[in-house]
Amino acid sequence: MNTPTAQHTAPAGGRKGPRRSTAPHGFTARLLRKKAAAASAGYLLLVVLVTLLASPLAPYDPDEQDLTAALQGPSGAHWLGTGELGRDVLSRLMHGGQITLLGVLITLAVYLPLGVPAGMIAGYKGGWFDRLVLKSADLISAVPVIIVLLVVLSVFTNNESAAMAANGLLGAPLLARVVRSATLGVKEELYVRAAVAGGIRDRVIIRRHVLPRVTGVVLVQASVFGAYAVLLETGLGFLGLGTTKASWGSMIAEASKNIGTDPWLLVPSGFMIISFILALGLLSDGLRDTLAERYAPPADKPPSRRMGRPRGAAPEPLRTEVPDTARVIEDPDPDALLSVRGLTVSLTIEGTPTAVIRDVSFDLRSGEVLGIVGETGCGKTITATSLLGMLPAGGRIASGTILFEGTDLARADAATMRRIRGRRIGWISQDPISSLDPSFTAGAQVAEVVRLHTGCSRKQARERTLELFAKVRLPDPGRVAGSYPHQLSGGMAQRVGIAAALAGDPALVIADEPTTALDVTVQAEILDLLRELQAAGTAVVLITHDWGVLADLCDRAVVMYAGEVVEEAEVTDLVTTPTHPYTAGLLGSDPHHALPGQPLPAVEGAVPPPTQWPVGCHFQNRCPRVTDACKEKPVVISRLVELERSTRCIRPLELIGGPAHD
Ligand SMILES: Nc1ncnc2c1ncn2[C@@H]1O[C@H](COP(=O)(O)OP(=O)(O)OP(=O)(O)O)[C@@H](O)[C@H]1O
């Protein structure tokens, strides 16, 4: 007999309190609309009430014996008959529930407070604690629970409470393992990453953002384990190891002794146990489905974007490390707010640490907007997330520096990064709805960030939130503050996201394709907001696929291709006189230049993945100007000092009519 673990790992949640959504979105209302779950909840409530009120309600004392009326069937005097000592079955059933349900309560009182926090911490933090939880769960799975309980009962004779507590203790690591898995998924949700980017502490994120999402899994596990505890109590009673008082288990034991002469005696206690367990199961299914509905993305919206998470990168040589001969490290610009130099980031791909961006360098001054442009998979997001120290699990900065306000973020510890995220560097995501936790109102989420960064009172945080909402030109800030994410349009959600990014008054904002999910009119409004930020002196790193957005907003831009910066220049120079064939190709395939009725010119081929970067120029397989020299060795990025631009091409001036040489 081993402790059960339910196979439900569906999205979960469930949280009460003033922030909860109201009907028709209310959790209880939706649960009660499920007939089986509603009937089960009603039945369980009735059983609990009758059990609690057994003393006034039961027609007889549960231990009152009447040997003249032993083993009788149902009658007017004894509705469910009598047992072998003439005790009233109905009264014993009502009182017996107290012992059985107390056993369930004790089990859960140990099981939940140990298993839930342990699982969330293991999943969220990883490391040695995670390994400990997994190891404990493996070990416990191999332990025969009944043997342990027999040992406990031999020490605490007939003490069912001790046995049930031990049962909870044995189940807790298994619960922790399930909660850990759910937490791993939640941890990658954009709104959790947005909270990390906002500088919110881990314990607050676990309590406010992870706990509501794993609550469903926990409820399902709790109901399955509760049903198991009922069975266990019954089993102990049946074996005569449990309490000597009336309990559902001891009633089963009594009935089984008399099964030959009076089979009826098994019916009331058997029905009680089976119906109770069945109702718990149906309720748990209802809870799971209701919570899954609650966190399912609306039908018209794609599922939330998650970051992939390869694990276990080790500081070994990278598969695609760049040789020193192919690096040019200039001194950082002394006036820059942010200076990135020679940044190489590795992720574990197919089990091997692999550079996914390498030798990335750029500068950004206060009040400047720097664009990062390139096709999908070129390394724009990894570059941005390394600035925030939020690489996917297993990712690490292999080399290079990220100087921001005098601190090298590439080497900053967790506490420094937490101080910088949200306060000095804000983050705006490309998926505004998924960046907000569906369990909280927009106002509550922004107020949380405001409080974190300013330490102000709740009231002041609410006022500041409304100011921020007005600043990002949200219509009716009060109404938006009280709305849940699903009640907001994409544009409104993005404004809320920008308000959250501005809550700490950061010097730098990283906007990762902030307009991709929005329609054209809303895009223009969001770009206006970013322009205002810039005018107020905030530096912005803008990741985009869109040359129109780039030309509209950015002062300078870096073009990335297959993990490398291939060109860096003022935007006007980039769009008018590109020096790298990739920049020229990208510009040529810009839909803004499409001619009616003519196919859009495209750069043939696809970006090679980091595992297949060629020696030499990464663009060689798609370049219309490729020569043998391009394939020989990694191409150094050269500074064209007079033109105030850099390019990673061995014939940088060829495209703009300069001398062509190999
Ligand atoms: N979690 C991950 N695990 C493995 N490889 C990853 C992971 N995240 C990114 N990569 C790889 O790193 C490279 C750079 O990815 P990145 O997301 O930075 O590209 P991007 O230019 O931002 O693309 P997009 O425009 O689609 O966001 C890609 O080859 C990608 O496949």
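Each chain has its residues counted from 1, following the order in which its sequence is written. Totals for whole chains, interfaces and linings use all residues, but because this is a predicted model, local features are given only for residues with pLDDT of at least 70 and pairs of side-chain atoms are given and counted only at 80 or more.

Trainee: Give me the overall build of the chain: which residues, what numbers.
Mentor: Secondary structure follows DSSP: runs of H or I at least 4 residues long count as helices, runs of E at least 2 residues long count as strands, and numbering of each begins at the N terminus. Looking only at helices and strands, one finds 21 helices and twelve strands in the chain. Residue burial in the chain is summarised as follows: out of 662 residues, 49% are buried. Expressed as a percentage of contacts within the chain between residues at least 6 apart in sequence, the contacts between residues at least 24 apart total 70%. Remark: C-beta atoms are placed from the backbone, and a residue is labelled buried if 20 or more other C-beta atoms sit within 10 Å of its own, exposed if 12 or fewer do, or partly exposed between those counts. Whether two residues are in contact depends on their C-beta atoms, placed from the backbone: they are in contact if these lie within 7 Å.

Trainee: I'd like to hear about unusual backbone geometry, residue by residue, with values.
Mentor: Even without being a glycine, Glu-350 presents a positive backbone phi close to 50°. Along the chain, Glu-350 falls in the loop between β1 (338–349) and β2 (352–364). Even without glycine at this site, Asp-476 takes up a positive phi of about 55°. Relative to the helices and strands, Asp-476 resides in the loop between α15 (458–471) and α16 (477–481).

Trainee: Break down the sheet that holds strand β6 (residues 425–428) for me, with residues and values.
Mentor: Think of it this way: DSSP has to see at least two bridges between two strands before they count as a pair. The eight strands lie next to each other as β6-β7-β8-β3-β9-β10-β12-β11, forming an open sheet whose pairing is mixed. Of all the strands in the sheet, the pair left with one neighbour each is β6 and β11 (638–640). Within the sheet, the average angular offset between the axes of one strand and its neighbour, ignoring direction, is 20°. In the packing of helix α21 (residues 581–588) onto the sheet, the strands contacted are β9 (556–561) and β10 (564–570), and the crossing angle to β9 comes to about 100°. An axis is simply a line fitted to the C-alpha atoms; with a helix, the fit covers only the stretch in contact. Between two such axes, the angle follows the N-to-C directions and lies from 0 to 180 degrees.

Trainee: Describe the sheet that holds strand β5 (residues 407–408), and please don't skip the residues or the numbers.
Mentor: Read across the open sheet, the four strands follow the order β2-β1-β4-β5; overall the sheet is antiparallel. Each of the sheet's edge strands pairs with one partner strand only, and the pair in question is β2 and β5. Sheet topology note: the strand β4 (residues 396–404)/β5 ladder contains two bridges and is antiparallel. The partner of Leu-403 across the bridge, within β5, is Asp-408. Contacting β1, β2 and β4, helix α12 (residues 380–387) crosses the sheet at an angle of about 75° to β2.

Trainee: So what's going on with the environment of Gly-537? Residues and values would help.
Mentor: Examined against the element boundaries, Gly-537 turns out to sit in the loop between α18 (520–535) and β8 (539–544). On the neighbour-count criterion, Gly-537 (11 C-beta atoms within 10 Å) is exposed. When the C-alpha atoms of Gly-537 and Gly-367 are compared, they prove to be 4.0 Å apart, with 170 residues separating the residues in sequence. When near neighbours in sequence (up to four residues on either side) are disregarded, Gly-537 contacts Ser-366 and Gly-367.

Trainee: Which residues make up the nonpolar core, and what are the values?
Mentor: Here, a nonpolar core denotes buried Ala, Val, Leu, Ile, Met, Phe, Trp, Tyr and Cys residues that are linked to one another through C-beta atoms within 7 Å. Formed by 173 residues in total, the largest nonpolar core has its most connected members in Val-179, Val-446 and Ala-499. With 18 residues, the single largest contributor to this core is helix α9 (residues 202–238). Residue ranges for the domains trace back to a domain assignment, done automatically or taken from a database. A domain split of this core shows at least three residues from each of domain 1 (41–58 + 81–295) and domain 2 (324–424 + 506–591 + 602–656). Look past the residues within four positions of Val-446 in its chain and what remains in contact with it is Thr-465, Leu-468, Val-496, Ala-499, Ala-500 and Ala-503.

Trainee: I'd like a description of α21, backed by residues and values.
Mentor: Taken across its eight residues, α21 has six buried, putting it largely inside the fold. Along α21, the residues that are buried comprise Pro-581, Tyr-582, Thr-583, Ala-584, Gly-585 and Leu-586. For α21, the elements touching its buried residues are β9, β10 and α20 (571–576).

Trainee: Run through the confidence of the model for the chain, naming residues and quoting values.
Mentor: Each residue carries a pLDDT value, the predictor's own confidence for that position, ranging from 0 to 100. Predicted confidence across the chain gives a mean pLDDT of 84, with 88% of residues reaching 70 or more. For the stretch residues 6–24, pLDDT sits under 50, and the model shows 50 contacts to residues farther than four places along the chain or on other chains. The model gives residues 297–315 a pLDDT under 50, and that stretch makes 41 contacts with residues more than four places away or in other chains. In the predicted assembly, ipTM is 0.96 and pTM is 0.69.

Trainee: Pulling in residues and values, what's your account of the packing of helix α4 (residues 89–125) against α9?
Mentor: In contact at an axis separation of 8 Å, α4 and α9 are set at 145° when each is read in the N-to-C sense. Seen from above, α4 lies across α9 with right-handed handedness. Along its contact with α4, which presents Thr-100, Gly-103, Val-104, Thr-107, Leu-108, Tyr-111, Leu-112, Val-116, Met-120, Tyr-124 and Lys-125, the element α9 presents Asp-202, Ile-206, Val-210, Leu-211, Val-214, Val-218, Ala-222, Phe-225, Gly-226, Ala-229, Val-230 and Glu-233. Only Asp, Glu, Lys and Arg are considered charged in this grouping, and only Ala, Val, Leu, Ile, Met, Phe, Trp, Tyr, Cys and Pro are considered nonpolar; every other residue, Gly among them, is considered polar. Counted by class, the contact of α4 with α9 contains 16 nonpolar, four polar and three charged residues. Crossing handedness follows the turn of the near helix against the far one: under a right angle anticlockwise gives a left-handed crossing, and clockwise gives a right-handed one.

Trainee: For the UniProt feature "transmembrane region" (unreviewed entry) in the chain, give the residues involved together with the corresponding values.
Mentor: Under the local residue numbering, the UniProt record ascribes the feature "transmembrane region" (unreviewed entry) to residues 36–58, 99–124, 136–156, 210–231 and 264–284. Annotation note: span residues 136–156, helix share 81%, strand share 0%, distance between end C-alpha atoms 25 Å. UniProt positions are given in the numbering used here, feature names are shortened, and annotations may be inferred rather than shown by experiment.

Trainee: Please provide a residue-by-residue account of helix α14 (residues 442–454), values included.
Mentor: Here the expected span of a helix is defined as 1.5 Å times the quantity of residues minus one. Between its first and last C-alpha, α14 extends 18 Å over 13 residues, near the 18 Å set by a 1.5 Å rise per residue. Most of α14 sits out of view: eleven of its 13 residues are buried. For α14, the set of buried residues is Ala-442, Gly-443, Ala-444, Gln-445, Val-446, Ala-447, Glu-448, Val-449, Val-450, Leu-452 and His-453. Close packing links the buried residues of α14 with α15, α16 and α17 (490–502).

Trainee: Describe the environment of Glu-189, and please don't skip the residues or the numbers.
Mentor: For Glu-189, the location among the structural elements is in the loop between α7 (160–187) and α8 (190–197). With 245 residues separating them in the primary sequence, Glu-189 and Ser-434 have C-alpha atoms 7.4 Å apart.

Trainee: Requested: an account of the packing of helix α5 (residues 127–141) against α7, with residues and values cited.
Mentor: Where α5 contacts α7, the two axes come as close as 8 Å, and the packing angle between them is 130°. Between α5 and α7, the crossing angle belongs to the class labelled oblique. As for the relative orientation of α5 and α7, their crossing is left-handed in sense. Contact residues: Asp-130, Val-133, Leu-134, Ser-136, Ala-137, Ile-140 and Ser-141 in α5; Leu-170, Pro-173, Leu-174, Ala-176, Arg-177 and Arg-180 in α7. Its residues placed into classes, the contact of α5 with α7 shows eight nonpolar, two polar and three charged. Angles below 35 degrees are treated as roughly parallel, those above 145 as roughly antiparallel, those between 65 and 115 as roughly perpendicular, and all remaining angles as oblique.

Trainee: An account of the pairing of β9 is requested, with residue identities and associated values reported.
Mentor: Where burial is concerned, most of β9 is hidden: six out of the six residues are buried. Of the two faces of β9, the one carrying Arg-556, Val-558 and Met-560 and the one carrying Ala-557, Val-559 and Tyr-561 are both buried. Of the pairings in the sheet, the one linking strand β3 (residues 369–373) to β9 comprises four bridges and is parallel in character. Bridged to Leu-370 within β9 is Arg-556. Pairing analysis gives six bridges linking β9 to β10, with the strands arranged antiparallel. Bridging from a neighbouring strand, Met-560 pairs with Val-565 of β10. Between β9 and β10, which pair antiparallel and follow one another directly, the connecting turn spans two residues, one of which, Ala-562, has a positive phi of 45°.

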